[in-house]
Amino acid sequence: MYYKKIEHWYEKMKRVIITGPTGAIGIALIQQMIEEQIEVIAVCNPTSNRISRIPKNPLVRIVKCDLSNLKMLSEIGLPSCDVFYHLGWAGTIGTGRNDTSIQEKNIRYTLDAVEAAHMLGCRRFVGAGSQAEYGRVEGILCPDTPVWPENGYGMAKWCAGMMSRLRCQQLGMEHIWIRVLSIYGPCDGPNTMVMSTINKLLAGETAETTKGEQLWDYLFSKDAGKAFYLAGENGKNGAVYCLGSGQKYPLHEYITKIREATAPEAVIHFGAVPYAENQVMHLCADITSLQEDTGFEPETSFEDGIRQTVNWYKKERVGEKE
């Protein structure tokens, strides 16, 4: 099967390599690859307690390798790959986001991933950027919206995207950078708004939140995984894509729907938490170019996605107690 591009013809992906495979997007991407009958090499942190989340399938091979050792991937006898997906990143939450030492290393790890991709024969490198690259923007985020990151995490993501593009050009590889907005779903981190709210409500606690006036764009992880797959298969060389649902709603509406799916009788105190000093009030993606180039379309409503997320989390809690 072949996909026609503006300048070339590309053979369908047969084997990919993924860093950061145990997060919400990573797991969803692996599941999508399995559906497409594409082999996956999942590069995992050797100390991660989430490796068991990776689907057990003959198409999936787990390789334990820290981000600091990505250059070694080409020396352990791995087969050649078509696309390298770099999702791995350290210091994504809390004080780590402004830890300049950690974020500087992330830039280096991204460039190491490019080198490893080249040595493994990849024709394309797909990196996970972030809406944090833009800073605070009042309007809809487009690929060409000026960037002005306000924290170390966003600064490092922007630098990693630009530097990895340059290195890919030098090595003759194609490059795609996907700026991710707000993703939720199974395997999401415990400190996100969605997961922390679900946890509190299931525990019978009162959820205290801001007024929830922020206009937000949430995308289900399964849809995000499909978007990354399609970008690797059909995306345009040199493109920057914004990844979200393309729709925005006040945060209090999302929180209300989380309550409806989790504990309808639970109490939520909107306005109990003040807005952060640099609170982002608008977060919505223009996904037009992603749709036009790759054929991506969000398929999961927030109501359906949050029900699946709550069900997954309940099973996780039972497993932990056992």
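Scroll up to find the structure.
To start, this report covers the structure provided alongside it.

Conventions and cut-offs
Residues numbered from 1 in each chain as written. Predicted model: local features only at pLDDT ≥ 70, side-chain atom pairs only at ≥ 80, totals over all residues. Heavy atoms only, no water. Helix = DSSP H or I, 4+ residues; strand = E, 2+ residues; numbered from the N terminus. Contact = heavy atoms within 4.5 Å. Polar contact = N/O pair within 3.5 Å; in protein donor to acceptor, adjacent residues only side chain to side chain. Axes fitted to C-alpha atoms, helices over the stretch in contact; angles between N-to-C directions. Parallel < 35°, antiparallel > 145°, perpendicular 65-115°, else oblique. Left-handed = near helix turned anticlockwise from the far one by under 90°. Nonpolar A, V, L, I, M, F, W, Y, C, P; charged D, E, K, R; others polar. Buried < 20%, exposed > 50% of the residue type's maximum accessible area, 1.4 Å probe, protein only. Phe/Tyr/Trp six-rings, centres within 6.5 Å; stacked < 30°, edge-to-face > 60°. Lys NZ or Arg CZ within 6 Å of the ring centre and 35° of its normal. Salt bridge = Lys/Arg side-chain N within 4 Å of Asp/Glu carboxyl O. Expected span 1.5 Å × (residues − 1).

### Digging into the environment of Arg 15
By the secondary structure assignment, Arg 15 is in strand 3 (residues 15-19). Apart from residues no more than four positions distant in its own chain, Arg 15 is found in contact with Ile 38, Glu 39, Ile 41, Pro 79, Ser 80, Cys 81, Asp 82 and Val 83. Polar contacts involving the side chain of Arg 15 include one to the side chain of Glu 39, which spans 3.0 Å.

### A closer look at the packing of helix 4 (residues 193-202) against helix 6 (residues 251-262)
Across the interface, helix 4 lies against helix 6 with an axial gap of 10 Å and an inter-helix angle of 40 degrees. Between helix 4 and helix 6, the crossing angle belongs to the class labelled oblique. Where helix 4 crosses over helix 6, the two elements pack in a sense that is right-handed. Residues Met 193, Val 194, Thr 197, Ile 198, Leu 201 and Leu 202 of helix 4 form the contact with helix 6, whose own contacting residues are Leu 251, Ile 255, Ile 258, Arg 259 and Thr 262. Across the contact of helix 4 with helix 6, the residue classes tally to eight nonpolar, two polar and one charged.

### Overview of unusual backbone geometry
For Gln 37, which is not glycine, the phi dihedral falls at a positive 60 degrees. The topology assignment puts Gln 37 in the loop between helix 1 (24-35) and strand 4 (39-44). Given a relative accessible area of 58%, Gln 37 falls into the exposed group. Of note, the phi angle at Cys 187 is positive, near 75 degrees, even though the residue is not glycine. Relative to the assigned elements, Cys 187 resides in the loop between strand 9 (182-184) and helix 4. We classify Cys 187 as buried; its relative accessible area is 6%.

### A few points about the packing of aromatic side chains
Enumeration over the complete set of coordinates arrives at ten aromatic pairs. Taking 6.1 Å as the distance between ring centres and 50 degrees as the angle between the ring planes, the aromatic pair formed by Tyr 218 and Phe 302 counts as tilted. Of the two residues, Tyr 218 is situated in strand 12 (residues 218-220) and Phe 302 in helix 8 (residues 302-321); the sequence distance between them amounts to 84 residues. You can call Tyr 218 buried: its relative accessible area is 11%. Phe 302 gets classed as buried once you look at its relative accessible area, which sits at 9%. Members of the aromatic cluster, joined through ring pairs, are Tyr 184, Tyr 218, Phe 220, Tyr 249, Tyr 254 and Phe 302. Cation over ring: Arg 179 sits above Tyr 134, and NZ or CZ is 5.0 Å from the ring centre.

### Section: the pattern of salt bridges
The tally for this structure, following the rule as stated, stands at 13 salt bridges. In this structure, Arg 179 and Glu 133 form a salt bridge, with 2.9 Å as the shortest nitrogen-oxygen distance. Linking Arg 179 in strand 8 (residues 174-180) with Glu 133 in the loop between strand 7 (124-130) and helix 3 (152-171), this pair joins segments that are 46 residues apart in sequence. Arg 179 gets classed as buried once you look at its relative accessible area, which sits at 6%. According to the relative accessible area criterion, Glu 133 is buried, its value standing at 0%. Of the charged contacts in the structure, one is a salt bridge between Lys 257 and Glu 303, with a shortest N-O distance of 2.8 Å. Here Lys 257, found in helix 6, pairs with Glu 303, found in helix 8; they are 46 residues apart in sequence, far enough to count as distant. Classification of Glu 303 as partly exposed rests on a relative accessible area of 30%. Here the residues in one salt-bridge network are Lys 12, Glu 36 and Glu 233, joined through shared partners.

### Re helix 3
When the terminal C-alpha atoms of helix 3 are compared, their 28 Å separation across 20 residues agrees well with the 28 Å that a helix rising 1.5 Å per residue should span. Those residues of helix 3 that sit buried are Gly 152, Tyr 153, Gly 154, Ala 156, Lys 157, Ala 160, Gly 161, Ser 164, Arg 165, Cys 168 and Leu 171. Its buried side turned inward, helix 3 meets helix 2 (100-119), strand 7, strand 8 and strand 13 (240-243). For helix 3, the N-terminal cap is Asn 151; the gap from its side-chain oxygen to the backbone nitrogen of Tyr 153 is 3.2 Å. Once helix 3 finishes, Gly 172 follows within two positions and takes phi at roughly 80 degrees, a positive value.

The values are spatial; any link to function lies outside them.
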